[in-house]
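# Observations on chain architecture
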Amino acid sequence: MATVLTETGDFSVTARATGSGALWLDTTDAERVTGWTSKPEGMCRDDVCVPLPAGAVRGDAVDVAAFWRRLDNPVLSDDAGDVWVLGTGAAARTRALAGLEAPDVTLPDLAGTPHRLSTLRGKKVFLATWASW
Amino acid sequence: MWQVLYDELKDRGFMVVAVAEESRGAEHARPWIEQANATYWSLIDPDHRVAELYGMVNVPQSVWIDEAGRIVRGPETAGSTDHFRQMDLATRTLAPELQAARAAARARYLDAVKAWVTTGRHALAADAAAAKLPRITPAIAEAHAHFRLGVWLKRQGRAAEAERQFAEASRLHPDSWNMWRQAADLEAVGNASGPAFWARVKALGDRAYYPPPDLEGFPR
């Protein structure tokens, strides 16, 4: 069992293998954690398909770390390979902000009820961070 | 913190979304949220996702979003100032004239938000707003990944590994006070405002801890 932390959430997966920076997952888990779909052309999302790097696919297993790095996104793991972060790269982050569309986010209140920012469309929103520290 | 503003403007199609960048989670933020008794959204963000999505580096910072869901200002310092740097550390007090100046700056900021909501003033046109967006570098993107891992490891009780991740995050993104202070606070509550914090602030020299917003009445 391994944990994969992504922008869309935390996932428990069965890692087929790890080592040398590789994270081999079966296709179902690979699609779950990346949000991309495995097709003959490679990994696809919306209208875009990215061929998997050579050696990043073996039967029905995908080296998700290699794929994620191929997208210029940071990939981290702890020493044991138990927990992985599939981060968002600078180019992707910049692209997301470039059109000035406020990135959407869903976060819970104290009661645990999720609130999605984009549901406030139609109002002027003052989004402010704070902390007790 | 924003209730007065919200009460004045809520019938004008205005909403406040207050986000606690609090890696210790909801229970840690609870006392402040309950005391504020706000009727706007008070959300908990243990992974600092909002800071990552919007390129924020400190609290409080704000982003102003218009009715179409577009960023029209920010991220920017939200009403706070650098007067605290002149605090007498022995007595933990700020001279009355500095307290007054700080309060006046905050009032000016709230007035600016109100002017935006009531008249549209201070909303930036697309090219101006885009020009003011923070530049996200590969180092910063990687820092966020290290920070995320650090928070998870800390939650699992793997404190030493977490500290290594936080140290790497701050090394990659030294401008992020969020990352540094949250990591310090996770080590021990209060560390974020202790001697190491004051040393780090002093090391800023002439650079601002809270850069003032680019608004009339806020000298830069």
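In short, a report on the structure. A quick note: this is a predicted structure, and the numbers were derived from the prediction, not measured.

### So, the overall build of chain A
Looking only at helices and strands, one finds 3 helices and 14 strands in chain A. Expressed as lengths along the three principal axes of its C-alpha atoms, the size of chain A is roughly 50 × 35 × 25 Å. Each of the 133 residues in chain A was classed as buried or not, and the buried ones make up 37%. Pairs at least 24 residues apart make up 34% of the contacts formed inside chain A by residues separated by at least 6 positions.

### Examining the environment of A96 of chain A
Residues and elements named next belong to chain A. Note that A96 resides in helix α3 (residues 90–98). A residue is classified by how many C-beta atoms lie within 10 Å of it, and A96, with 16 of them, is partly exposed. Sequence separation of A96 and D82 is 14 residues, and the distance between their C-alpha atoms is 30 Å.

### Some remarks on the sheet that holds strand β1 (residues 2–6) of chain A
Residues and elements named next belong to chain A. Spatial strand order, β2-β1-β11-β10: 4 strands in an open sheet with mixed pairing. Edge positions in the sheet fall to β2 (9–13) and β10 (75–77), since each of these pairs with one other strand and no more. Direction aside, neighbouring strands of the sheet carry axes that sit 20° apart on average. Pairing geometry for β1 and β2, over 5 bridges, is antiparallel. What sits directly across from V4, in β2, is F11. Relative to the sheet, helix α1 (residues 27–34) contacts β1, β2 and β11 (83–86), its axis offset from that of β2 by approximately 170°.

### Things to note about the nonpolar core
If you look at the biggest cluster of nonpolar residues, it comprises 88 residues, and the most contacted ones within it are V64 of chain A together with V17 of chain B. Among residues more than four places away in sequence, those in contact with V17 of chain B are L117, V125 and L127 of chain A together with Y40, W41 and L43 of chain B.

### Here's the deal with the packing of helix α6 (residues 138–155) of chain B against helix α7 (residues 159–172) of chain B
Two measures define how a pair of helices packs: the angle their axes make with one another and the distance between the axes. Residues and elements named next belong to chain B. Relative orientation of the contacting elements α6 and α7 amounts to 160°, with a least axis distance of 8 Å. Overall, the two elements α6 and α7 adopt an arrangement that is roughly antiparallel. The interaxial crossing formed by α6 with α7 has left-handed handedness. Within the contact between the two elements, α6 uses A139, I140, E142, A143, H146, F147, L149, G150, L153 and K154 and α7 uses A159, E161, A162, Q165, F166, E168, A169 and L172. For the contact of α6 with α7, the per-class residue count stands at 11 nonpolar, 3 polar and 4 charged.

What counts and how
- Residues numbered from 1 in each chain as written.
- Chains lettered and ligands numbered in written order.
- Predicted model: local features only at pLDDT ≥ 70, side-chain atom pairs only at ≥ 80, totals over all residues.
- Helix = DSSP H or I, 4+ residues; strand = E, 2+ residues; numbered from the N terminus.
- Buried ≥ 20, exposed ≤ 12 C-beta atoms within 10 Å, placed from the backbone.
- Contact = placed C-beta atoms within 7 Å.
- Pairing = 2+ DSSP bridges.
- Axes fitted to C-alpha atoms, helices over the stretch in contact; angles between N-to-C directions.
- Core = buried A, V, L, I, M, F, W, Y, C linked by C-beta atoms within 7 Å.
- Parallel < 35°, antiparallel > 145°, perpendicular 65-115°, else oblique.
- Left-handed = near helix turned anticlockwise from the far one by under 90°.
- Nonpolar A, V, L, I, M, F, W, Y, C, P; charged D, E, K, R; others polar.

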